[in-house]
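# An overview of the molecular structure
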Amino acid sequence: MTGRRIGVVVCQCGGNISDYVDTEKVRETIEKDADVVSAQVQMFACSDAAQQDAIREIREKKLDGVVVCSCSPKLHTATFRAMAERAGLNPYQYTQVNIREQDSWAHTHDRGGATQKAIHLARAGVARTALSEPLEKIRVETLPAVVVVGGGVAGLRAALELSEMGISVHLVERAEELGGHVARWGNLFPNDKVGRELVHGLISAVRARENIAVYLGAELLEKSGRLGAFQVKLRTRSKETVELTVGSIVVATGFEPYAPQAGEFGYGLPGVVTLPEFKELLATGARPLAYQGRPVRSIAYVYCVGSRESPDRSGRTYCSRYCCSATSHIATVVNGLDPSVRQYHLFRDIRTYGRYEALYEKALRGGSVYLRYSEEDPPSVTSSDGQLVVKVKDRLLAGEEVELRPDLVVLVTGMTPRENSELTQALKLPVGKDGFFREVHVKLRPVETVMDGIFIVGAAQGPKNVAESVASALAGVSKAGALLMKGYVNLDPLVAAVDPNLCLWCEECLKACPYGAVRPVEAGDKQIAEVSSLLCKGEGACVPACPKQAISVRGYTNEQVTAMIDALAQEAA
Amino acid sequence: MTDAAPKADYDVLVVGAGIGGMESALTLGEMGFKVLVVEKEPSVGGRMILLSKVFPTLDCASCISTPKMAAVNNHPNVRTLVSSEVDRIVPRKDGGFDIELTRKPTFIDPAKCTGCALCEAACTVAVPDEFNYDLSARRAAHIAFPQAVPKKAVITRRGSSPCSFSCPAGVKPHGYISLVRAGKYDEAFRQHLEDAPLVGVLSRACYAPCEESCSRKELEGALPIRGIKRFMADRYYSTHAVPEYGPPREQNGKRVAIVGSGPGGLAAGFRLGQLGYAVTIFEAEPEPGGILRWGIPAYRLPKEVLARDVANVTALGVRIETGRKVSSIAALRDQGFDAVFLATGDRGGRKLQVPGEELSGVQDAVEYLHRINEGHPPDLAGKAVVVIGGGNVAIDSARSALRLGARSVKMFCLESRLEMPAHPWEIREAEEEGVVLTNSWGVGQVLGYDQRVFGVELVRCTSVFDEAHRFRPTFDLSVQETVPADVVITAIGLAPNTAAFAGEVALERNGTIKVDPETLATSAPGVFAGGDAVTGPSMIVTAIGQGKRAAFFIDRFLRGESTEGTRFDSRLPKVDPVQVAAEAHESASPRPPVPLRRRPAEERIGSFQTYEEAFTEDQARDSANRCLDCGVCSECRECVRACPADAIDLGMAARHEAVTVRSVALATGFSPFDAKAKPALGFGRFANVINGPQMDRILAPTRPYNAVVRPSDGKAPSNVAFVLCVGSRDEQVGNRLCSRVCCMYSMKQAQLLMGSLPLADVTIYYIDIRAFGKGYEEFYQQTKGMSVYFQKGRVSRIEETDGHDLLVHFEDVEGGGGHKVARHDLVVLSTGLLPNQGAFGLFPSGTLERDAASYVHEVDEELEPGATSLEGVFAIGAATAVRDIPDTIVHAEAASAQIAAYLRRGGATA
């Protein structure tokens, strides 16, 4: 009994929770507990109406703490903190209790048990809230400057837009020139723009901007600091180190085309090329179509090379997205060069999504022949007397084997993640199973990362075509702009704090901290630890390391955690 | 943002608050720009909030949408208008835009509404719930869906229901019918009472123009509206011998005199009494009611029913002084009345103007009916009666004569049968009873002997009206006939009863009182007139309407308010009954009307008893159940009574606003493909063929059935088929493009379905599985791993079995080949997405370019996503091409970056 006035909301989440947890029972039970002066059930606690209800309750009952028992704090902590704030309650006296992912969804066949668990979890939340104190957000200034890593089409476009928005840009490119893959490509789908020209237009625009600095042959080595003021170290072409301070980092490092193994679908045989190689060949615009001096009268395209592989074979289980449309488009380009060239497409599914369907249709109308192979029974590419032989069991002909003797075999190779381990290390960016950078939420926050202020754009996040890479780049710009244009951001104050009376500066906390947030300071006649609230992430590694229990994380004090454990251990009513 | 920027109310207008519009609004708001969001629906959230879960993460769609919805509604830099539409966007010379927008009436004041949903519980009208894609019903008063933002109720009103629109008295049949349908009989009576106090009278004697206008007439027959009303009135009066109310508590001290206690006078007295006026009705006759009391025979309107209706008026404190003939308005003023309403109605006495008219035995119909109604009927026993005239009064006279024992009753009128002013049903009833009607005869002379009539000489009438449809009969004098008669009753027209006031108010040439048609004010200040004294002979409901109109303007006059520009009529435009019937024809099964039963003719002529039988409760409710709810809201006003916040405002009108903005973001989304455009697949015909959005609703946490069941019989399906590419990649329906999301949402639904029904078989009929996005291919493999069967081949048609299972005909492309048939118990058509072309009409003609597929054209898709042919106008998400949610979000963000840069540059480049 602390004399606190705490309100509890139990969310049904439509039926996500209430189908498996007796939410009314949770409410009834918790309502009788000490310190709880209000308990409500809501169908959707996050809905605006339920928030209005809660705000009214906070004001009318003069609540000094609120607990919402709903979903993962990852989803809605920010939602309900903002709600508390609107009601005039300190947002850090709000606690989210997860009775969905950690309860209803985990115990779908035990309604009684799930209900008991929900009551325990709710009580733990109340116990923590009862010991909560009002905390103030940490306001930090943000610098209107961004490092863009990667000078391909996405990086260039991002740099240009940031510059337009009044944000200065440091554009870092590992290669000796800007432009990336697109600089080597000719006509692009779907609008037949020429890759080279497109990129060169961007490069000259970037060069003309005063607030864009370009670093060629350079790499990002280190990053420290935090959102709004990252310290970044670059190594330039001349092996010098450049230090920059920027508000945000945009990673646009692109992809690597899949390089087939020797012998994979005949790769290595004369006349077997990859899609990018074929694109470069076409980009020369030479007629008639010839490869290594020999005229090309027929082409077989083998799709999904290096993509959609089975998980026991490689990590490339993903679809590379752009290749079907690109190949359909190339077939139309070839058709335009010489309509008599026969083209065979050996595919698994044709994925010309959305308006790219028109390309597929155009290729079909141009005489392209499509044969469907299965993953289990892929086509074979061999050579006999210098003549390429392709054998494929066509599923559309009830698995009948078809033999082709094309002049050229194009392996439609997908996109793979770039080898970027140093950068990944330096930025501490998470990477997905597919090897591409991983976003916070693939659906709703596709360019944001768990590192606040660092954005992943273009094909570095996953396979994309040019338009999609650019859109993604601009989305990253938008996110960076939303952080930097205001000039400041507010950070959570849930950071570690040191009790100067107990601390003896044994350095254990310094060793435990992965963020370099701890340093010693003089305090009267002794040295004690001090935590930078800007660098501290509040993750709490230092807390168990301290032998004197002199350090604790605000919002998760030792007393609060102990009280939560006690509440969990208590018999449920 | 910059000083050079043109001044405007907002930096950005975002049209549409789906996921793309919300994302853009929040990002731009976060950057510090002032954003106006306009959404046509009553809630933000667009289509995404209606989904169950989203692929490939299987996050709950509402869980991840609601934070954004709440944020958009609460962001300090974002103003969000729901139930609003942008009408026009006109570029300005300074680079900004003039915006005209309409805030549609929701009929509930959002500032007062607390979202308590009591109106929804009280509402008597159910309509298909568009937020559940018509799988279930919702009320006309409703909150869009449980997570709606803002959570405010709205009322759906398509217009005035034809029945309610047609009533000259402003009675709203749709309202009381919906209440009877709901079993709220007393409420039904009170709803009618609010509009007109003479409920019993109208339930017996109204000619019911509402029934003529009923949309159901276009199908199997109109609703028997008057019969339903009689049921409700009889039932109410049987339990309420006296009114439930007394005079209003607040009296305003002003006095109004009403001359005449017919329907017009009573209606005006009722309304003015409710408003707190001290009303005195002066009636020359010994009892109130005017023509209702003295004109209409008791078999059509029993006197006690009228008396009970009159009590509805007098209960308010309205005094009726009978036996008080008023012949001077000045005298009323002297008695201290502040305003006067003249409702003196008609008198009879139009003359045939033929020889013999003065003979004994020739009677005027009005006097004749008056005598019957005062209880001193003429002795007609055994007599031959001839009635001259073809209107209602003639019919009433003839039928009364039969009831008085006449040996024969013959009716002659100038008009042909079709031209007769009497209603066909009353002619039919008269003939059933034995009245012999002969058309197209005029009277040459009345024949008599010794001052007593013995016959009538008739002349053939060749035409009644001239070309301008004026009454100008012509005769062929060579064709004559004589009929014997002991009594001749002339019912050839009524004249206005206005002579007494000729010196005080201006009259028209025909003797009616001259009034302003809107306000009913006469030439004398403070004196109003209405009813038959103004309109000439008309219906009861017309007179009631006049009385109400007069009361409305007398009130304004006495409160010293101007009547300039004030309109009494607040009806919404009439809903087209043909349209309603056509729509109902698709969904409603035929239900012939329950006929009103009448006692046999031979029995009914034996007395002046009511001859029409009342509906039983079952018959009344069954009849009310046939109502098609044409205007959606029935105006039953149950919500008005239920709302604790007094937020309902059925008179709310659209409001127009004009604002200026510096840039525009079009986030108008897509249009879902209507599977009815593929009739061979049976959507709309077979209950168990549903579309993809419906399946998503069935699987959503706020699902309509609370379980995965098939619509026909509520059984859990055990063998479900998904048919991909319905409305996509299909030249037949004019959409060659791929809709991008259907493969994925179908696999998502298949996974969720197998989660709910682990034993169900699921087959997906596909052409290509397009799992192209991040995590999509893995999702496809996972779906395969759950034993969903993927059948390559296009579905050509679907048939239904007797048990509502479905036979799916498809081309087996990869197996044995050829045409095959498979049986399923639920089929989901994975319908595609089409462009929403609404945006083009907002701009000056042709300035917003469209692409080949009629999406908003992106002028530089590769480098400036979302940029359109108009500088400062950007299009987001599905407005420019079909997109899934992540791509829509990326696209919205990309457009936002460019909008920010555009605004930062100061708007348009010169």
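This paragraph deals with the environment of Glu 218 of chain B. Residues and elements named next belong to chain B. For Glu 218, the location among the structural elements is in the loop between α8 (209-213) and α9 (225-239). Taking the relative accessible area as the measure of exposure, Glu 218 reaches 46% and is therefore partly exposed. Between the alpha carbons of Glu 218 and Ala 581 there is a distance of 6.1 Å; along the sequence they are 363 residues apart. Sequence-distant contacts of Glu 218, defined by excluding residues within four places in its chain, comprise Pro 577, Val 578 and Ala 581.

So, on to the interface of chain B and chain A. If you look at the interface, chain B gives 76 residues, while chain A gives 79 residues. Residue Lys 774 of chain B is joined to Glu 439 of chain A by a salt bridge in which the shortest nitrogen-to-oxygen separation is 3.0 Å. Scanning the region where chain B abuts chain A turns up 38 residue pairs in polar contact (both at pLDDT 80 or more). When contributions to the side of chain B that touches chain A are tallied by element, the ones reaching two or more residues are α1 (19-31), β3 (53-54), β4 (59-60), α2 (61-74), α25 (776-785) and α26 (885-904) of chain B.

A separate point is the side chain of Ser 478 of chain A. Positionally, Ser 478 of chain A belongs in helix α12 (residues 466-484). When near neighbours in sequence (up to four residues on either side) are disregarded, Ser 478 of chain A contacts Thr 27, Met 31, Glu 893, Ser 896 and Ala 897 of chain B.

Moving on: the packing of helix α6 (residues 153-164) of chain A against α26 of chain B. At a minimum axis distance of 8 Å, the contact between α6 of chain A and α26 of chain B shows a crossing angle of 35 degrees. Here α6 of chain A runs over α26 of chain B; the crossing is left-handed. Residues Arg 157, Glu 161 and Glu 164 of chain A of α6 of chain A pack against Ala 897, Gln 898, Ala 901 and Arg 904 of chain B of α26 of chain B. Residues of the contact of α6 of chain A with α26 of chain B, tallied by class, amount to two nonpolar, one polar and four charged.

A surface patch of nonpolar side chains, amounting to about 260 Å² of accessible area, comprises Tyr 556, Val 561 and Ile 565 of chain A. With respect to the helices and strands, the residue Tyr 556 of chain A is situated in the loop between β32 (551-553) and α15 (558-569).

All names here are of chain B. Contact geometry of helix α23 (residues 692-699) with helix α24 (residues 742-756) gives a least axis separation of 10 Å together with a crossing angle of 30 degrees. For the crossing formed where α23 meets α24, the hand is left-handed. Together, Gly 692, Pro 693, Met 695, Asp 696 and Leu 699 of α23 and Tyr 745, Lys 748, Gln 749, Leu 752 and Leu 753 of α24 make up the contact between the two elements.

This next bit is on the pattern of salt bridges. Following the criterion strictly, the structure yields 114 salt bridges over all chains and no others. Between Lys 193 of chain A and Asp 860 of chain B there is a salt bridge, with its nearest N and O atoms 2.7 Å apart. Taken together, the residues span two chains, with Lys 193 of chain A in strand β9 (residues 193-194) and Asp 860 of chain B in the loop between β37 (833-835) and β38 (873-875). Note that Arg 418 of chain A and Glu 256 of chain A form a salt bridge whose closest N and O atoms lie 3.0 Å from each other. Residue Arg 418 of chain A is located in the loop between β26 (415-417) and α11 (421-427), and its partner Glu 256 of chain A is located in strand β15 (residues 255-257); the two are separated by 162 residues in the primary sequence. A relative accessible area of 25% means that Arg 418 of chain A is categorised as partly exposed. Among the charged side chains, a salt-bridge network with shared partners connects Arg 226, Arg 399, Arg 403, Glu 429, Glu 432, Glu 433, Arg 598, Arg 604 and Glu 612 of chain B.

Before going further, it helps to spend a moment on the packing of aromatic side chains. The final tally for this structure, using the stated rule, is 27 aromatic pairs over all chains. Plain terms: the ring middles of Phe 528 of chain B and Phe 557 of chain B are 5.9 Å apart, the flat faces sit at 70 degrees to each other, and that makes the pair edge-to-face. Of this pair, Phe 528 of chain B sits in strand β26 (residues 527-529) while Phe 557 of chain B sits in helix α18 (residues 540-558), placing them 29 residues apart in sequence. A relative accessible area of 4% means that Phe 528 of chain B is categorised as buried. A relative accessible area of 35% places Phe 557 of chain B in the partly exposed class. Among the aromatic residues, those joined into a cluster by ring pairs are Phe 189, Tyr 353 and Tyr 356 of chain A together with Phe 55, Phe 772 and Tyr 776 of chain B. It is Arg 850 of chain B that lies over the ring of Phe 840 of chain B; its NZ or CZ is 4.0 Å from the centre.

Here we come to the sheet that holds strand β10 (residues 212-216) of chain A. Residue and element names in this part refer to chain A. Spatial ordering of the open sheet is given by β10-β7-β6-β14-β27, a layout of five strands whose pairing is parallel. Two strands close off the open sheet at either side, each with one partner strand: β10 and β27 (454-456). The average undirected angle you get between the axes of adjacent strands in this sheet is 15 degrees. With five bridges joining them, strand β7 (residues 168-173) and β10 adopt parallel strand pairing. Bridged to Glu 173 within β10 is Leu 216. Set on the sheet, α12 makes contact with β6 (145-149), β14 (248-251) and β27; between it and β27 the angle comes to about 165 degrees.

Do not read the predicted coordinates in detail wherever pLDDT is low. When pLDDT is averaged along chain B, the result is 94; 99% of the residues meet or exceed 70. Here the prediction assigns the complex a pTM of 0.88, and the interface score ipTM is 0.87.

What counts and what doesn't
Residues numbered from 1 in each chain as written. Chains lettered and ligands numbered in written order. Predicted model: local features only at pLDDT ≥ 70, side-chain atom pairs only at ≥ 80, totals over all residues. Heavy atoms only, no water. Helix = DSSP H or I, 4+ residues; strand = E, 2+ residues; numbered from the N terminus. Buried < 20%, exposed > 50% of the residue type's maximum accessible area, 1.4 Å probe, protein only. Contact = heavy atoms within 4.5 Å. Salt bridge = Lys/Arg side-chain N within 4 Å of Asp/Glu carboxyl O. Polar contact = N/O pair within 3.5 Å; in protein donor to acceptor, adjacent residues only side chain to side chain. Axes fitted to C-alpha atoms, helices over the stretch in contact; angles between N-to-C directions. Left-handed = near helix turned anticlockwise from the far one by under 90°. Nonpolar A, V, L, I, M, F, W, Y, C, P; charged D, E, K, R; others polar. Patch = residues over 30% accessible without salt bridge, like charges linked within 9 Å, V, L, I, M, F, W, Y side chains within 5 Å. Areas by Shrake-Rupley, 256 points an atom, 1.4 Å probe, with all protein chains shown as cover. Phe/Tyr/Trp six-rings, centres within 6.5 Å; stacked < 30°, edge-to-face > 60°. Lys NZ or Arg CZ within 6 Å of the ring centre and 35° of its normal. Pairing = 2+ DSSP bridges. pLDDT = per-residue confidence, 0-100.

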